[in-house]
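# Results of the structural survey
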Amino acid sequence: MDTMKNLYFTLIMLLIIGCNETKTEIMAEDTSINKKWWKEAIVYQIYPRSFKDTDGDGVGDLKGIVEKLDYIKSLGVNAVWLNPIYSSPNDDNGYDVSDYRNIMTDFGTMEDFDLMLKGMHERGIKLIMDVVVNHSSDEHEWFKQSRSSRENPYRDYYHWWPAEKGKPNYRYSLFDENGDAWKYDAQTDAYYLHYFSQKQPDLNWENPKVRQEVYDIMKFWAEKGVDGFRLDAFQFAAKDTTFPAFPKEDLQKNFIKYYAMQGNLHGYLKEMNEEVFSKYDVMSVAEGAGRNFEDAHNLVDEDRKELNMAYAFDGVDIAKPEGYSLKHFKDVFSKWDSAFAKKGWLSIFLSNHDQARLVSRFANDSNEFRATSAKMLNTFILSMRGTPYCYYGDELGMTNIGFETIEEYQDIAAINGYKKALKEGEDMTVFMKNLKFSSRDNGRTPMQWDTTENANFTIGKPWLPVNENYKEINVEAEEQNPDSVLSYFKKMVNLRKENPVLIYGDYTLIEPENEQVYAYTRILDNQKMLVILNFSDKEASLEIPATFLIKNVAINNYPNYNTKDQTVLLQPYQSIIFSLK
Ligand code: GLC
């Protein structure tokens, strides 16, 4: 017995000494933690077209968002990123802007916008606007002027190549059915550049007038009181306007290498920071994070005064129809975390409007495991270091709709991608299978509010069909069920908000080789949490290091858990967060 007591005593002493050591270390580092509201934010992303329709035209609108503000508040999130709501002919659902200072007719009016912003602020929710300025719509007045004659003062707002110089060097377009980013325009016998669709001509950022126009537009919205900007496709904005030759095949496969972070992009961001960000309490995040860690750092290194937060795609790109390796997934997230551990800040996300549904891509949308695995993925997003982004509907565990025929798709990327694949003689069965898994339309089906027709998204005909599973997966049903994905999501949001360790704490991966379980600790001062996520549909286990002493279970997506000695036994897709002593 005495030996036991001695052992116990020694253990306690070791722990105390250990804790003190860790504490001094962390305290020292803690002083360098630069707390910001945008680091503590939990962002809810709304695709306005699909959120809530109030006028029966089958398209969501701003009044719909106003109607659902209390719902958004009830989630516990404190920021909203809204996809573009500006006037647009909708070639790419608002990512083709024809007037940056007006609201798209489908979505409502500026009064609706003001009401929405006020309603958000009254509820303590910040608003982040999407700024689409790598390109505009070809129906924007600037482009109409620009294409009208070579002498027009707006000519240099875009990239033109006079046809008498021959065909310009090949440039790849992401949305063009020929994959060609140069479009011939007979009116002035010249080609214009469009990295995206033909109706999305690229703006000429090398022209200081264009830059000034954009800063003025951003100030217009900042003056209205918006709290942040997400810069769409901005890493592609700067270009070498001599348009040198690039190897065609490599460009098609690795366009980021050739398109991202070119020319004076950093200079433009510094200028934007000086002109806009530094003058308002706004946060900034760009889509994409360049070609490597160095690019990403340069974008968000505080001393450089460019942007606040990186938004890297390496993680979200991992899911494939044939599955993915969890080891690789852990590797990617851990590498990004360690690259940003001391400086800079990351976004954490597994879905957005350009991706299929998170539970269908990264976990399991079968009846048996959908809810459990959706809870597990939400635990991951909300327990990592970085600002979490939750895409509308993922809080319910909404799933892919999985269209079978090309006629069902609405997305220009899917439709033109199909035409291109056909022309190039691709195996169309494989193409359709991939599309069914990864198409952006999967993530854009209407929000599922209740069990009434069309999930009560609209009283009209929805622009994209509502997923048939809305009778089970919907807000009303999940609000009433304490075990639903939604109820769990709210608990997890609260847990993050109440525990700064989940926001600022150091991240350490455990058992990197485990192919089923993703586990890590988060440590800040004397607060320690252990996150354990079973990413598989089988039982799994994790051996906890002997030094980890469990204080309590902070959250668990099963009613209980089992241990055997130092091993935690996990049910399929079980996720548990322990507070450690
Ligand atoms: C970004 C947007 C995407 C859009 C594209 C062109 O990638 O997220 O939805 O289609 O830019 O604006």
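Scroll up to find the structure this text is about.
Residues numbered from 1 in each chain as written. Predicted model: local features only at pLDDT ≥ 70, side-chain atom pairs only at ≥ 80, totals over all residues. Heavy atoms only, no water.

### A short note on helix α14 (residues 370-381)
Stated precisely, the cut-off is as follows: Labels follow the DSSP assignment, with helices taken as runs of H or I lasting at least four residues and strands as runs of E lasting at least two, numbered in each case from the N terminus. Helices are assigned an expected span. That span is 1.5 Å times one less than the residue count. In this scheme, a residue with accessible area under 20% of its type's maximum is buried, one over 50% is exposed, and one in between is partly exposed, where area comes from a 1.4 Å probe on protein chains only.
Taking 1.5 Å per residue as the helical rise, α14 with its 12 residues ought to reach 16 Å, and the 17 Å between its terminal C-alpha atoms agrees with that figure. The element α14 is extensively covered by neighbouring structure, given that 11 of its 12 residues are classed as buried. Taken as a whole, α14 has its buried residues at R370, T372, S373, A374, K375, M376, L377, N378, T379, F380 and I381.

### Some words on the pairing of strand β9 (residues 228-231)
As a reminder, the rule being used: Pairing between strands is defined by DSSP: at least two bridges between the two strands are required.
Burial along β9 is two-sided: G228 and R230 and F229 and L231, pointing in opposite directions, are all buried. Bridge count between strand β5 (residues 126-131) and β9: four bridges; the pairing is parallel. Directly across from M129, in β9, lies its bridge partner F229.

### Considerations on the pattern of salt bridges
Heads up, the condition is: Counted as salt bridges are all cases of a side-chain nitrogen of Lys or Arg within 4 Å of a carboxyl oxygen of Asp or Glu.
A complete count under the given rule lists 38 salt bridges for this structure. In this structure, D354 engages R440 in a salt bridge whose closest nitrogen and oxygen atoms are separated by 2.9 Å. Highlighted residues: D354 in the loop between β11 (347-348) and α13 (358-362) and R440 in the loop between α16 (428-438) and α17 (475-480), separated in sequence by 86 residues. What makes D354 partly exposed here is its relative accessible area of 22%. It is possible to trace a salt-bridge network through shared partners that takes in D92, D354, D411, R440 and R444.

### Considering the environment of K73
Condition: Whether two residues are in contact is decided by their heavy atoms: any pair within 4.5 Å suffices.
Mapped onto the fold, K73 is located in helix α4 (residues 69-75). Residue classification places K73 among the partly exposed positions, given a relative accessible area of 42%. When the C-alpha atoms of K73 and E479 are compared, they prove to be 14 Å apart, with 406 residues separating the residues in sequence. The residues contacting K73, other than those within four sequence positions of it, are R123 and I125.

### Here's the deal with the site of the ligand
Short version of the rule: The rule for a residue being near a molecule or strand is that one of its heavy atoms must lie within 4 Å of it. N or O atoms closer than or at 3.5 Å make up a polar contact, with two conditions inside protein: a donor-capable atom paired with an acceptor-capable one, and, for residues adjacent in sequence, both atoms drawn from side chains. Computed by Shrake-Rupley with a 1.4 Å probe, the accessible areas treat only the displayed protein chains as cover when residues are assessed.
Of all residues adjacent to the ligand, which total 13 residues, the nearest are D92, D232, E287, H353 and D354. Take H135: an N or O atom from its side chain is 2.9 Å from an oxygen atom of the ligand. R440 places a side-chain nitrogen or oxygen 3.0 Å from an oxygen atom of the ligand. The protein chains hide 95% of the 310 Å² of surface that the ligand would expose on its own.

### Some details on the sheet that holds strand β10 (residues 283-286)
Quick reminder of the rule: As a rule, the C-alpha atoms of each element are fitted with a line to give its axis, helices using only the stretch in contact, and angles between N-to-C directions run from 0 to 180 degrees.
Taking strand neighbours across the sheet as the criterion, the seven strands line up as β10-β9-β5-β2-β1-β12-β11 in an open arrangement whose pairing is parallel. With partners counted over all chains shown, the strands left at the sheet margins are β10 and β11, one partner each. Relative to β10, β9 is paired through four bridges, and the arrangement is parallel. Bridging from a neighbouring strand, R230 pairs with V285 of β10. Across the sheet, helix α7 (residues 208-224) lies against β5 and β9, angled at about 145° from β9, the strand it touches most.

### Description of the packing of helix α15 (residues 412-423) against α16
The packing of two helices is summarised by the inter-axis angle and the distance between the axes. What counts, and what does not: Oblique is the label for any angle not under 35 degrees, not over 145, and not in the 65 to 115 range, which are roughly parallel, roughly antiparallel and roughly perpendicular in turn. The sense of a crossing depends on the near helix, which, turned anticlockwise from the far helix by less than a right angle, makes the crossing left-handed and, turned clockwise, makes it right-handed.
At a minimum axis distance of 10 Å, the contact between α15 and α16 shows a crossing angle of 165°. Relative to α16, the element α15 lies roughly antiparallel. Both α15 and α16 take part in a crossing whose hand is right-handed. Where α15 abuts α16, its residues A414, G417, Y418, A421 and L422 lie against M428, F431, M432 and L435.

### Focus: the packing of aromatic side chains
This is how the line gets drawn: Stacked, tilted and edge-to-face pairs are distinguished by plane angle, under 30 degrees for stacked and over 60 for edge-to-face with tilted covering the rest, among Phe, Tyr and Trp rings (Trp via its six-membered ring) whose centres lie within 6.5 Å.
Applying the stated criterion across every chain yields a total of 58 aromatic pairs. Plain terms: the ring middles of W160 and Y192 are 5.6 Å apart, the flat faces sit at 70° to each other, and that makes the pair edge-to-face. Of the two residues, W160 sits in strand β6 (residues 160-162) while Y192 sits in strand β8 (residues 190-193), which places them 32 residues apart along the sequence. Here F380 and F535 contribute two aromatic rings whose centre-to-centre distance is 6.4 Å and whose plane-to-plane angle is 80°, an arrangement assigned as edge-to-face. Of this pair, F380 sits in helix α14 while F535 sits in the loop between β15 (527-534) and β16 (540-543), placing them 155 residues apart in sequence.

### Focus on the nonpolar core
Operational definition: Nonpolar cores are built from buried Ala, Val, Leu, Ile, Met, Phe, Trp, Tyr and Cys residues. Side-chain atoms within 4.5 Å join them into one set.
Ranked by size, the top nonpolar core spans 172 residues in total, and within it I72, F113, F229 and Y518 carry the most contacts. Look past the residues within four positions of F229 in its chain and what remains in contact with it is I128, M129, V131, M218, W221, A222, V276, F277, V282, M283, S284 and V285. Residues A540, I576, F578 and L580 belong to the second largest nonpolar core, which totals 13 residues.

### Some details on helix α12 (residues 326-339)
Here α12 spans 20 Å end to end across 14 residues, near enough to the 20 Å set by a 1.5 Å rise per residue. Listed as buried for α12 are L326, F329, K330, V332, F333, S334, W336 and D337. A side-chain oxygen of the first residue of α12 lies 3.3 Å from the backbone nitrogen of K327; this N-cap is S325.

### Some points on the environment of K342
Among the secondary structure elements, K342 is positioned in the loop between α12 and β11. Relative accessible area serves as the criterion here: at 67%, K342 is assigned to the exposed category. For the pair K342 and Y170, spaced 172 residues apart in sequence, the C-alpha to C-alpha distance is 41 Å.

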